[in-house]
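Secondary and tertiary structure notes
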Amino acid sequence: MATLNLGFLASHGGSNMQAIIDACNSGKLDGKPCCVISNNSASGALDRSGKEGIPWNHISGHTHSTPEAEAEAIVDTFSRYGVDTIILAGYMKILSPQVINYFNGRVLNIHPALLPKFGGKGMYGLRVHEAVLKAGDKESGATVHLVDSQYDRGRVLAQMKVPVVDGDTPESLAARVLAVEHILYTNTLKRIVSGGIEI
Ligand code: GRF
């Protein structure tokens, strides 16, 4: 398939988004970062988009009074910038089916565990890693999946594992997983471009 025209939705730091932007800039990934939307006007993700010269927008429950208006604004903004593939990168809201359908389901997310384990509502941030440690699992990892209208339930596209080591804290495990997230997200997009993964 041709170049991916990427639209990002991110709520916080945006390190996954940055890894993908870096891969596009260095020519490792045939992708164009077209636009960034955040529901958090103070997010690191918006800072990063400013620094990268990528158009950005703050769209949230504060800027739009109904979920429908918010979804419409997301669709309008991404369409204006020619987005064909949406990348959720730490986006802390459930995405409206209006947006998913408009983009024919070409919406990806990354989750910091091996889905279907440790996913679902309320499973985000350090809570995920706390649950992995509490369960006594010997490995964890990251999952890239398609997004549907339920939290962390869409088709799994790729996973990468990391070991859980003695003495791990939720923070140390989170850092180990985040490092592989950056590799996994970019590699999954490369495989989509090359036709190895169909979406
Ligand atoms: C990552 O752990 C990702 O798996 C989860 O949210 C976190 C976002 O981190 N969905 P960042 O904003 O990309 O640094």
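Relevant structure appears above.
Here we summarise the structure given alongside this text. (Residues numbered from 1 in each chain as written. Predicted model: local features only at pLDDT ≥ 70, side-chain atom pairs only at ≥ 80, totals over all residues. Heavy atoms only, no water.)

1. Concerning the overall build of the protein chain
Heads up, the condition is: Strands here mean DSSP runs of E at least two residues long; helices mean DSSP runs of H or I at least four residues long; both are numbered from the N terminus. Our radius of gyration looks at C-alpha atoms and nothing else; its globule reference is 2.2 Å times the residue count to the power 0.38. Note on exposure labels: buried denotes an accessible area under 20% of the residue type's maximum, exposed denotes more than 50%, and partly exposed covers the range between, all computed with a 1.4 Å probe on protein chains only. Here, residues are in contact when the closest pair of their heavy atoms is within 4.5 Å. Per-residue accessibility takes into account occlusion by the displayed protein chains alone, with areas from the Shrake-Rupley method and a 1.4 Å probe. Think of it this way: Lys and Arg go in the positive column, Asp and Glu in the negative one, and His and the chain ends go nowhere. Charged side chains are reduced to one point each, which is NZ for Lys, CZ for Arg, CG for Asp and CD for Glu.
Along the protein chain, the regular secondary structure elements total 6 helices and 7 strands. Helices and strands in the protein chain line up, N terminus first, as β-α-β-α-β-α-β-α-β-α-β-β-α. In terms of overall size, the protein chain behaves like a compact globule, its C-alpha atoms giving a radius of gyration of 16 Å where 199 residues would be expected to give roughly 16 Å. Projected onto its principal axes, the C-alpha positions of the protein chain cover 50 × 40 × 30 Å. Expressed as a percentage of the 199 residues in the protein chain, the buried residues total 49%. A fraction of 65% describes how many contacts in the protein chain between residues 6 or more apart in sequence connect residues 24 or more apart. Of the roughly 9,300 Å² of accessible surface on the protein chain, a fraction of 52% belongs to carbon and sulfur atoms. Taking the 18 positively charged and 19 negatively charged side chains of the protein chain as two groups, their mean positions are separated by 3 Å.

2. As for the layout of surface pockets
As a reminder, the rule being used: Points on a 1 Å grid, built from protein atoms alone, make a cavity when a 1.4 Å probe fits but cannot get out and make a pocket when they are open with protein on both sides within 12 Å along at least 5 of 7 lines; residues with an atom within 4 Å of a point are the lining residues. Grid points are joined across faces, edges and corners, and a volume is the space filled by probe spheres set on the points. We call Asp, Glu, Lys and Arg charged. Ala, Val, Leu, Ile, Met, Phe, Trp, Tyr, Cys and Pro are nonpolar, and the rest, Gly among them, are polar.
Empty space within the largest pocket amounts to approximately 770 Å³. Along the walls of the largest pocket sit 36 residues, with Gly90, Tyr91, Met92, Ile110 and Tyr124 positioned nearest its centre. Counting residues per element, the ones that place at least two in the lining of the largest pocket are helix H1 (15-25), strand E5 (107-111), helix H5 (126-135) and helix H6 (170-194). Residue composition of the lining of the largest pocket, grouped by class: 16 nonpolar, 14 polar and 6 charged. Taken as a whole, the second largest pocket spans an internal volume of roughly 180 Å³. Lining the second largest pocket are 13 residues; nearest its centre among them are Pro67, Glu70, Ala71, Ile94 and Ser96. Secondary structure elements with two or more residues in the lining of the second largest pocket: helix H3 (67-80) and helix H4 (97-102). Across the lining of the second largest pocket, the residue classes tally to 8 nonpolar, 2 polar and 3 charged.

3. Side note on the packing of H1 against H6
Note the following rule: As a rule, the C-alpha atoms of each element are fitted with a line to give its axis, helices using only the stretch in contact, and angles between N-to-C directions run from 0 to 180 degrees. For classification, angles of less than 35 degrees are called roughly parallel, those exceeding 145 degrees roughly antiparallel, those between 65 and 115 degrees roughly perpendicular, and all remaining angles oblique. In this scheme the handedness of a crossing depends on how the near helix is turned from the far one: anticlockwise by less than a right angle means left-handed, clockwise means right-handed.
Taken N-terminus to C-terminus, the directions of H1 and H6 make an angle of 45°; their axes are 9 Å apart at the nearest point. Overall, the two elements H1 and H6 adopt an arrangement that is oblique. H1 and H6 meet at a crossing whose hand is right-handed. Each of Ser15, Asn16, Ala19, Ile20 and Ala23 in H1 lies in contact with H6, whose residues at this interface are Leu178, Glu181, His182, Tyr185, Thr186 and Leu189. When grouped by side-chain class, the residues that make up the contact of H1 with H6 number 6 nonpolar, 4 polar and 1 charged.

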